[in-house]
Amino acid sequence: MSVTVRLPGALRDATGGETKLSASGGTLREVIAEIDRRHPGFASRVLDEGGALRSYVNVYIGEDDARTRGGSGAAVPDGSEVMVIPAMAGGR
Amino acid sequence: MRLVLPREVRDEIVAHARESAPRECCGLLFGDGEVVARLVRGRNVHPTPETRYEIDPAQLREAIASNDDTDRFLVGIYHSHPRTEPKPSEFDIANARWPQQVYVLTSLRSEPPEVFAYRITGSEAPKIPIVES
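Computed from a predicted model, the values in this text were never measured in an experiment.

Draft legend 1. Here's a closer look at the pairing of strand β3 (residues 57-61) of chain A. Residues and elements named next belong to chain A. With 4 of its 5 residues buried, β3 lies for the most part within the structure. Here β3 pairs with strand β5 (residues 81-86) via 5 bridges, running antiparallel. Across the sheet, the residue bridging to isoleucine 61 is valine 82, located in β5. Pairing of β3 with strand β4 (residues 64-65), which is carried by 2 bridges, proceeds in the antiparallel orientation. Pairing of tyrosine 60 across the sheet is with aspartate 65, part of β4. Counting the residues between successive antiparallel strands, the hairpin from β3 to β4 contains 2 residues, one of them, glycine 62, with a positive phi of roughly 65 degrees.

Draft legend 2. Focus on the environment of A:Ala14. Residues and elements named next belong to chain A. With respect to the helices and strands, alanine 14 occurs in the loop between β1 (2-6) and β2 (20-24). Sequence spacing of alanine 14 and histidine 39 is 25 residues, and the spatial spacing of their C-alpha atoms is 6.6 Å. In this structure, alanine 14 is in contact with His39, Gly41, Phe42 and Arg45, ignoring residues within four places of it in sequence.

Draft legend 3. Representation of helix α1 (residues 7-20) of chain B in the model. Residue and element names in this part refer to chain B. For α1, which comprises 14 residues, the first-to-last C-alpha distance of 20 Å matches the rise-based estimate of 20 Å (1.5 Å per residue) to within 8%. By the burial criterion, the buried members of α1 are Val9, Arg10, Ile13, His16, Ala17 and Ser20. An end-on view of α1 places all buried positions within 120 degrees of arc, on one side of the element. Within α1, the exposed residues directed more than 90 degrees away from the buried face are Arg7, Glu8, Asp11 and Glu19.

Draft legend 4. Inspection of the sheet that holds β3(A) at higher detail. Strand order in this open sheet of 5 strands is β2-β1-β5-β3-β4 (chain A), and the pairing throughout is mixed. Pairing within the sheet leaves two strands with one partner each, and these edge strands are β2 and β4 of chain A. Docked against the sheet, helix α1 (residues 28-38) of chain A engages β1, β2, β3 and β5 of chain A, running at close to 115 degrees with respect to β2(A). Its contacts with the sheet place helix α2 (residues 57-65) of chain B against β3, β4 and β5 of chain A, and it is angled at close to 120 degrees to β5(A).

Criteria and cut-off values
Residues numbered from 1 in each chain as written. Chains lettered and ligands numbered in written order. Predicted model: local features only at pLDDT ≥ 70, side-chain atom pairs only at ≥ 80, totals over all residues. Buried ≥ 20, exposed ≤ 12 C-beta atoms within 10 Å, placed from the backbone. Helix = DSSP H or I, 4+ residues; strand = E, 2+ residues; numbered from the N terminus. Pairing = 2+ DSSP bridges. Contact = placed C-beta atoms within 7 Å. Expected span 1.5 Å × (residues − 1). Arc of directions from axis to C-beta. Axes fitted to C-alpha atoms, helices over the stretch in contact; angles between N-to-C directions.

In structure tokens form, the structure reads like this:
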């Protein structure tokens, strides 16, 4: 299954500057792993040591927050657009 | 590098900061390249908004979903420091994950409030000039 992955923000550092990629996989974890094979180190920027989404990364599958659909185990339908969005956060 | 910021957008940033105090406000600045055209107020969803901000990720997704060229049309991010100086804190720098965007900060510490702009990349946060339009 093929999906489009968009990477606004700093995560392009992990993909050689690419901000829009095609990838395959039936779950979010599989999609991330497939990108990691092409861009080693990508997965560790998105997933923690336990394989869960890092707290400062928000992932949307279409309009749905992946955390509401099982986190990194969320199903990714064929043709989906996946957006991996770093948190916009800070403070004094 | 500079940021072209219309007077009315600058005033809206300050107005948002005043209305949100003592909580931090935050939002998005849209335009083209280094030129801001409009502001979208953000929802600060951080659990301790008096000292932290996080723009509602759903609002962020909605704002950038319609255009692939985020680097160009999302010019910057703004937030307020209600009681501290208008420069990036260590926490701001450690959590800055949008290196292509300008970070605009306002502080209510002084009257009238100051507004400054920064580029945050890695551990560096140089100030960049604001040109009023």
